[in-house]
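# Architecture and fold: a report
Here is what each chain is made of, one letter per residue.
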Amino acid sequence: MSSVLDTVLFVEVFVTLFVIMDPVGTVPIFLSLTGGRSASSARRAAWQAVAVSFFVITVFAFFGQQILGYLHISLPALQCAGGLLLLLVALELLTGNEKEPTAQVGTNVALVPLGTPLLAGPGAIVATMLFTREVDSGPTFVAVALGVVLVHASLWAAMRYSLPILKLIRESGVLLVTRIAGLLLSAIAVQLVADAVRAFINGEG
């Protein structure tokens, strides 16, 4: 083990969060939600979404247990709420009703649903909270912090450089990507709710 970085923990944090937050899978959803925007607005939404996600993840890493305990909220309840919120977004994408609310909220699309719960969702929050329990020294702290930072850098790069794809596929391609993204999001949302219900049945909620 290095005196500066716990390499094993760093790899575990990065791989786990990368799989959960899925930068590659975020691209079609990002394109569908920013399809009617200018390039500068979409770029701004990309870094704002990553900034919101990083802020939420950091807050829960340091104060997650205290926040949930104070509000008497269990982790399965948080997971179920995130799943239901994602399901609403997925239904809007599938039915083609996403353009009107997106236009109304403007850049707030970077807050919801991009920043949270899509990026900083229940899975990422819970995983980060579990990793912070392993922090007991400088190297472990650096490992967790660096893993979180690099995953968010990957998320920003994936969304930032998805903009040339938008110019290539045009409006018809965006429509197709939107429907696919809605289907994928709905599956993710149902899985989150199902996992939460299973945890409640097992008495974990």
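Structure's up top.
Sequence order as written defines the numbering, with residues in each chain counted from 1. Since the coordinates come from a predicted model, pLDDT governs what is reported: local features require at least 70, and pairs of side-chain atoms require 80 or more to be given and counted, while whole-chain, interface and lining totals use all residues. Only hydrogens and water are removed before side-chain values are computed, so all heavy atoms of the structure are retained for them.

## Observations concerning the pattern of salt bridges
Take a side-chain nitrogen of Lys or Arg and a carboxyl oxygen of Asp or Glu: if they are within 4 Å of each other, that pair is a salt bridge. One pass over the structure, following the stated rule, counts 1 salt bridge. For arginine 198, the salt bridge goes to aspartate 195, with nearest N and O atoms at 2.8 Å. With a gap of 3 residues between them, arginine 198 and aspartate 195 both fall in helix 9 (residues 163-201), about one helical turn apart. Comment: elements are numbered from the N terminus, with helices defined as DSSP H or I runs of at least four residues and strands as E runs of at least two.

## Quick notes on the packing of aromatic side chains
Two descriptors summarise a pair of aromatic rings, namely the distance from one centre to the other and the angle between the planes of the rings. Pairing of aromatic rings covers Phe, Tyr and Trp, the last counted by its six-membered ring, and requires centre-to-centre distances within 6.5 Å; plane angles under 30 degrees mean stacked, over 60 mean edge-to-face, and any other angle means tilted. For the coordinates displayed, the defined rule picks out 4 aromatic pairs. Centre to centre, the rings of phenylalanine 14 and phenylalanine 18 are 5.6 Å apart; their planes meet at 35°, and the pair counts as tilted. Placement of the pair is phenylalanine 14 and phenylalanine 18 together in helix 1 (residues 7-21), with a separation of 4 residues, close to one helical turn. The classification of residues rests on relative accessible area computed with a 1.4 Å probe and restricted to protein chains. Under 20% of the type maximum is buried, over 50% is exposed, and intermediate values are partly exposed. Look at phenylalanine 18 and you get partly exposed, because its relative accessible area is 29%. For the pair phenylalanine 62 and phenylalanine 63, a centre-to-centre distance of 6.2 Å together with 45° between the ring planes defines the contact as tilted. Taken together, the aromatic side chains of Phe10, Phe14 and Phe18 make up a single cluster linked through ring pairs. A ring has a charge above it when a Lys NZ or an Arg CZ is no more than 6 Å from the ring centre and no more than 35 degrees off the ring normal. Its end group placed over the ring of tyrosine 161, arginine 160 keeps NZ or CZ at 5.2 Å from the ring centre.

## Some details on the packing of helix 2 (residues 23-33) against helix 6 (residues 111-119)
Running from N to C, helix 2 and helix 6 point in directions that differ by 155°, and their axes come no closer than 11 Å. With respect to their mutual orientation, helix 2 and helix 6 come out roughly antiparallel. Along this stretch, helix 2 crosses helix 6, giving a crossing that reads as right-handed. Along its contact with helix 2, which presents Thr26, Ile29, Phe30 and Leu33, the element helix 6 presents Pro113, Leu114, Leu118 and Leu119. Each residue gets one of three labels, nonpolar for Ala, Val, Leu, Ile, Met, Phe, Trp, Tyr, Cys and Pro, charged for Asp, Glu, Lys and Arg, and polar for the others, Gly among them. A per-class count over the contact of helix 2 with helix 6 returns 7 nonpolar, 1 polar and no charged. Between the N-to-C directions of two axes lies an angle of 0 to 180 degrees, each axis being a line fitted to C-alpha atoms and, for a helix, fitted only over the stretch in contact. Oblique is the label for any angle not covered by the other classes, which are roughly parallel (under 35 degrees), roughly antiparallel (over 145) and roughly perpendicular (65 to 115). Note on convention: near helix rotated counterclockwise from far helix by under a right angle means a left-handed crossing. Clockwise means right-handed. Note on contacts: a residue pair is in contact if any heavy atoms of the two residues lie within 4.5 Å.

## Topic: helix 2
Among the 11 residues in helix 2, 8 count as buried, and that is most of the element. Along helix 2, the residues classified as buried are Pro23, Thr26, Val27, Ile29, Phe30, Leu31, Ser32 and Leu33.

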